[in-house]
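Close look at the chain arrangement
Below are the chains, spelled out letter by letter.
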Amino acid sequence: MKFFVDTADTKEIRELAATGLLDGVTTNPSLVAKAGRDFFEVLEEICDIVEGPVSAEVTATDHETMLKEGKALAKLAGNIAVKVPLTVDGLKTCKALSSEGTMVNVTLCFSAGQAILAAKAGATFISPFVGRLDDVGADGLQLISEIVEIYNQYPNFTTEVLVASVRGPLHVIESAKMGAHVATLPPAVLRGLFNHPLTDKGLAAFLKDWEGTGQSILDRLKS
Ligand code: E4P
């Protein structure tokens, strides 16, 4: 499973990229607003930090302007994935951009039917929002399971399932069990995956016992 980080905060992206475990980045207009910086400048910086896909969302709602915006965003760097909303105009734009070889992330997906349309439009990624479905009393993970099952029936569908609106580790683990290709995680959720209290407790005990031996691995290298 690939891990993207869902943020426009370049400090966070740099720190997480340094782990070697980051495969890409997703942004959206709300995350860019939160970063409080020039959109194009932030995107260029992110594309320099990570080699993998960096999603940048169009803000127009009509096909013609979306296409213009998408082309402008795609010109910024070879690893830009243009993000379009799951609307008729968004999917028309997806089809046009993907036919030209531009990566497209279709966002705001809330049903399996929408995911089928995105695959037919040649999307590189489909982004079902699990957390926002859970928020309204629906089952976000059930949607991931349905989309993975449907896409698996059609080898000509090359669209990757990108689990979005992730709220915690269980969304990641359960989606991975279902075979989702990518999860985009808020930085705190990605950092949280590293942690387990028994790891901390076990490490403290190992180090205490090691200290008692009086030995040092690095000292041995010197001799
Ligand atoms: C995905 O690309 C979106 O940016 C994101 O996952 C939305 O998450 P939210 O529901 O926490 O805003």
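See above for the structure.
Notes on the structure follow. Note that the structure is a prediction, hence the values are computed from the model and not measured. (Residues numbered from 1 in each chain as written. Predicted model: local features only at pLDDT ≥ 70, side-chain atom pairs only at ≥ 80, totals over all residues. Heavy atoms only, no water.)

1. Brief notes about the nonpolar core
One recurring pattern in soluble globular proteins is that nonpolar side chains are buried together. One finds Ile-80, Val-106, Ile-126, Ile-147, Tyr-151, Val-161 and Leu-185 to be the most contacted residues of the largest nonpolar core, which totals 56 residues. The leading source of residues in this core is helix α8 (residues 140–153), at five residues. Those residues in contact with Leu-185 that lie beyond four places of it in its chain are Phe-3, Phe-4, Val-5, Asp-6, Val-166, Val-172, Leu-190 and Leu-193. (Core = buried A, V, L, I, M, F, W, Y, C linked by side-chain atoms within 4.5 Å. Buried < 20%, exposed > 50% of the residue type's maximum accessible area, 1.4 Å probe, protein only. Helix = DSSP H or I, 4+ residues; strand = E, 2+ residues; numbered from the N terminus. Contact = heavy atoms within 4.5 Å.)

2. With respect to the sheet that holds strand β2 (residues 24–26)
With respect to topology, eight strands assemble into a closed barrel ordered β1-β2-β3-β4-β5-β6-β7-β8, the strand pairing being parallel. Along the sheet, successive strands turn relative to each other by an average axial angle of 30 degrees, direction set aside. Two elements, strand β4 (residues 80–85) and strand β5 (residues 103–109), share five bridges in a ladder whose sense is parallel. Of the residues in β5, the one forming a bridge with Val-82 is Val-104. (Pairing = 2+ DSSP bridges. Axes fitted to C-alpha atoms, helices over the stretch in contact; angles between N-to-C directions.)

3. Things to note about the layout of surface pockets
By volume, the largest pocket amounts to about 360 Å³. Lining of the largest pocket is provided by 20 residues; of these, Asp-6, Asn-28, Leu-31, Phe-129 and Arg-132 occupy positions nearest its centre. Mapped onto the lining of the largest pocket, the elements with two or more residues apiece are α2 (29–35) and β5. Per-class residue counts for the lining of the largest pocket are seven nonpolar, eight polar and five charged. (1 Å grid on protein atoms, 1.4 Å probe; cavity = no way out; pocket = protein on both sides within 12 Å on 5 of 7 lines; lining within 4 Å. Points joined across faces, edges and corners; volume = space filled by probe spheres on them. Nonpolar A, V, L, I, M, F, W, Y, C, P; charged D, E, K, R; others polar.)

4. A closer look at the pairing of strand β6 (residues 125–128)
The two faces of a sheet get side chains in turn, since along a regular strand they alternate between them. By the alternation rule, side chains of β6 split into Phe-125 and Ser-127 and Ile-126 and Pro-128, which are all buried. Taken together, the three bridges between β5 and β6 define a ladder with parallel strand orientation. The partner of Cys-109 across the bridge, within β6, is Pro-128. In this fold, β5 hands off to helix α6 (residues 112–120), which returns the chain to β6; that crossover is right-handed. (Right-handed = clockwise from strand over helix to strand, strands pointing away.)

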